[in-house]
Amino acid sequence: MSDITRRRFLGDSLLAAKATWLGTAFLPEFVNAEEQSRPLYKSSYHVIDAHAHCGAPHEDSVPAQLDVMSRTGIDKFVVLLFDTAGWEYPGGWSEANVVGWSKLLRKHPEQLIVFGTMGFDRVTEPAFFQDIVRKLDWQAGLGVQGIKMWKNLGMHVRDASGELLKIDDPRLDPYWAKCGELGLPVLIHSADPRRYWTEALKDRKPRIHQPWMPSWEELIRQRDAILKRHPDTTFIGAHFGSMSSDLPRLAETLDAYPNFHVDCASRLRFMAALSPETVREFFAKYQDRILFGTDTFVPYVDRVLNSPEKLAQWKDLRSRQYAWYLEYFETDHQGLAEPLPGSKLVLSGAKLPPDVLEKFYHANAEKLIPGLNTVEAVESRNRPKANRDHERTAVA
Ligand SMILES: [Zn+2]
């Protein structure tokens, strides 16, 4: 066990993210004075954030995000459009948003990767299940390099009969198969950590896990059924495949399904329960199967983007969050604080070996996401970074 004594698990990171990007809370409220005065950690590795969120495309979003990335040493990021259908979270899905993001993609081809999604706006219409493959083709034509599916599939989306649409509903099979044919990885967030089903999570507003929802076991069964049925499609389980608190079970799943990978987005707080040795061992064993991702939001709200003060605060917070991930994975520093509102979480750095970091930070993403291993991409990756000494860099 770790030497961590203070721990407080927050609600879903999206709630925190939402509070942030809406401009209701910024750095001073999120990060204590001690943390604010620490130099910002910057990576000298080539790093791809394979899990970032967005809303409507905005000309100023990407430059703001790139500024944060250059402060912390992140080179590329994947924005995930996703349809939150019914839940009150911000999602990036609409056909117009896919078009808008594809335009931004052409403007920032070296830094931006866009994942589309299956929109559920017409899920109760008879044509829905015929149209999803056609719409996938359309998105691929616009340059999306993967697909994001959110946990509302299985937990919230209902078909015309009023029943919850299961992740392994056979009517969705042609879609998963087509993702495989097109070489588009599916970043799938199914269920959540198991504890969310059993704990009274007072902080969670709105309460996500309702008694009428399927059990954790059932949702994992549904997800695993599509992993099995579609061996030629690459699936990336967001948030350690919702098994961050049960690494033996995650190991079993990775062993059973070679087409399954995971990312670490928003789950460092679960790493706090593990010793750095345990984390290192797991990452070493599954070094070809884990991707770096953060779950942060790209700014797109006018009142943030149009306010120099709010934008500066947003950048400071995001830089802090990126630095926290990097410092955790690259060093054995003690007492690392989680830059989220109210968090008292403290972590001890896992200090992964350099060869494992290279795969985790970029090589695995480059293997799975089409277009990342072109000559141009490799050249840009090999370009020297401003900071090669793996040292902390003060905030400019
Ligand atoms: Zn996410």
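Residues numbered from 1 in each chain as written. Predicted model: local features only at pLDDT ≥ 70, side-chain atom pairs only at ≥ 80, totals over all residues.

A. Broad picture of the overall build of the chain. Along its length, the chain carries 17 helices and 11 strands. Burial status across the chain gives 44% buried among its 396 residues. (Helix = DSSP H or I, 4+ residues; strand = E, 2+ residues; numbered from the N terminus. Buried ≥ 20, exposed ≤ 12 C-beta atoms within 10 Å, placed from the backbone.)

B. Helix H6 (residues 128-141), seen in detail. Compared with the 20 Å implied by 1.5 Å per residue over 14 residues, the 20 Å span of H6 between its first and last C-alpha is a close match. Turning to H6, its buried residues number three or more, namely Ile132, Leu136, Gln139 and Ala140. Tucked into the core, H6 has its buried residues touching helix H5 (95-107), strand S3 (112-117) and helix H8 (173-182). At the C-terminal side of H6, Gly143 shows a positive phi close to 105°. (Expected span 1.5 Å × (residues − 1). Contact = placed C-beta atoms within 7 Å.)

C. Fine view of the sheet that holds strand S6 (residues 235-237). The parallel open sheet is built from 9 strands, whose spatial order is S8-S7-S6-S5-S4-S3-S2-S1-S9. The two strands at the open ends of the sheet, each matched to only one other strand, are strand S8 (290-291) and strand S9 (296-297). (Pairing = 2+ DSSP bridges.)

D. Representation of the confidence of the model for the chain within the structure. Chain-level pLDDT for the chain is 85 on average; 83% of the residues reach the 70-or-more range. Note that residues 1-26 has pLDDT below 50 and, in this model, 59 contacts with residues that lie over four places away or in other chains. In this model, residues 387-396 is a region of pLDDT below 50 whose contacts with residues beyond four sequence positions or in other chains number 20 contacts. (pLDDT = per-residue confidence, 0-100.)

E. Summary view of helix H13 (residues 276-285). Val279, Phe282 and Phe283 are the residues of H13 that are buried. Projected down its long axis, H13 carries its buried residues within an arc of 95°, all on one side. Exposed and oriented more than 90 degrees from the buried face of H13 are Glu277 and Ala284. Buried residues along H13 sit in contact with helix H11 (247-256), helix H12 (268-271), S8 and helix H16 (354-368). (Arc of directions from axis to C-beta.)

F. How the structure looks around the environment of Arg269. Position of Arg269 among the secondary structure elements: in helix H12. Owing to 19 C-beta atoms within 10 Å, Arg269 belongs among the partly exposed residues under this scheme. Spatially, the C-alpha atoms of Arg269 and Ser244 are 9.4 Å apart, while their sequence positions differ by 25 residues.

G. Highlighting the pairing of strand S2 (residues 76-80). Counted residue by residue, S2 has 5 buried out of 5 residues, so it is predominantly covered. The side-chain alternation of S2 yields two buried faces, one formed by Lys76, Val78 and Leu80 and the other by Phe77 and Val79. Assessed by its sense of winding, the connection that carries the chain from strand S1 (residues 48-53) through helix H4 (residues 61-72) to S2 is right-handed. (Right-handed = clockwise from strand over helix to strand, strands pointing away.)

H. Region of the structure containing the environment of Leu182. You can see Leu182 is positioned in helix H8. In this structure, the C-alpha to C-alpha distance between Leu182 and Gly146, residues 36 residues apart in sequence, is 9.3 Å.

I. Local environment of unusual backbone geometry. The phi angle at Phe240 is positive, at roughly 55°, despite the residue not being glycine. Residue placement: Phe240 occurs in helix H10 (residues 238-241). We note that Ser266 has phi near 55°; this positive angle belongs to a residue other than glycine. Within the secondary structure layout, Ser266 lies in the loop between strand S7 (260-263) and H12. With 25 C-beta atoms packed within 10 Å, Ser266 lands in the buried category.

J. Region of the structure containing the pairing of S3. For S3, the buried fraction is high: 6 of the 6 residues fall into the buried class. Where burial is concerned, the two faces of S3 agree: the one with Leu112, Val114 and Gly116 and the one with Ile113, Phe115 and Thr117 are both buried. Sheet topology note: the S3/strand S4 (residues 146-149) ladder contains 3 bridges and is parallel. Bridging from a neighbouring strand, Phe115 pairs with Gly146 of S4. Tracing the backbone out of S3, into H6 and back to the parallel element S4 gives a crossover that is right-handed.

K. Representation of the packing of H4 against helix H15 (residues 308-330) in the model. It is at 9 Å that the axes of H4 and H15 come closest, and there the two elements cross at 40°. In terms of axis orientation, H4 runs oblique to H15. Between H4 and H15 lies a crossing of right-handed hand. For the pair H4 and H15, the contacting residues are Ala64, Asp67, Val68, Arg71 and Thr72 in the first and Leu311, Lys315, Arg318, Ser319, Tyr322, Ala323 and Leu326 in the second. (Axes fitted to C-alpha atoms, helices over the stretch in contact; angles between N-to-C directions. Parallel < 35°, antiparallel > 145°, perpendicular 65-115°, else oblique. Left-handed = near helix turned anticlockwise from the far one by under 90°.)

L. Local environment of the packing of H6 against H8. Running from amino to carboxyl end, H6 crosses H8 at an angle of 25°, the nearest separation of the two axes being 9 Å. In terms of orientation, H6 lies roughly parallel with respect to H8. Considering the relative orientation of H6 and H8, their crossing is right-handed. Facing H6, whose interface residues are Ile132, Val133, Leu136 and Ala140, H8 presents Pro174, Tyr175, Lys178, Cys179 and Leu182. Tallied by class, residues from the contact of H6 with H8 come to 8 nonpolar, no polar and 1 charged. (Nonpolar A, V, L, I, M, F, W, Y, C, P; charged D, E, K, R; others polar.)

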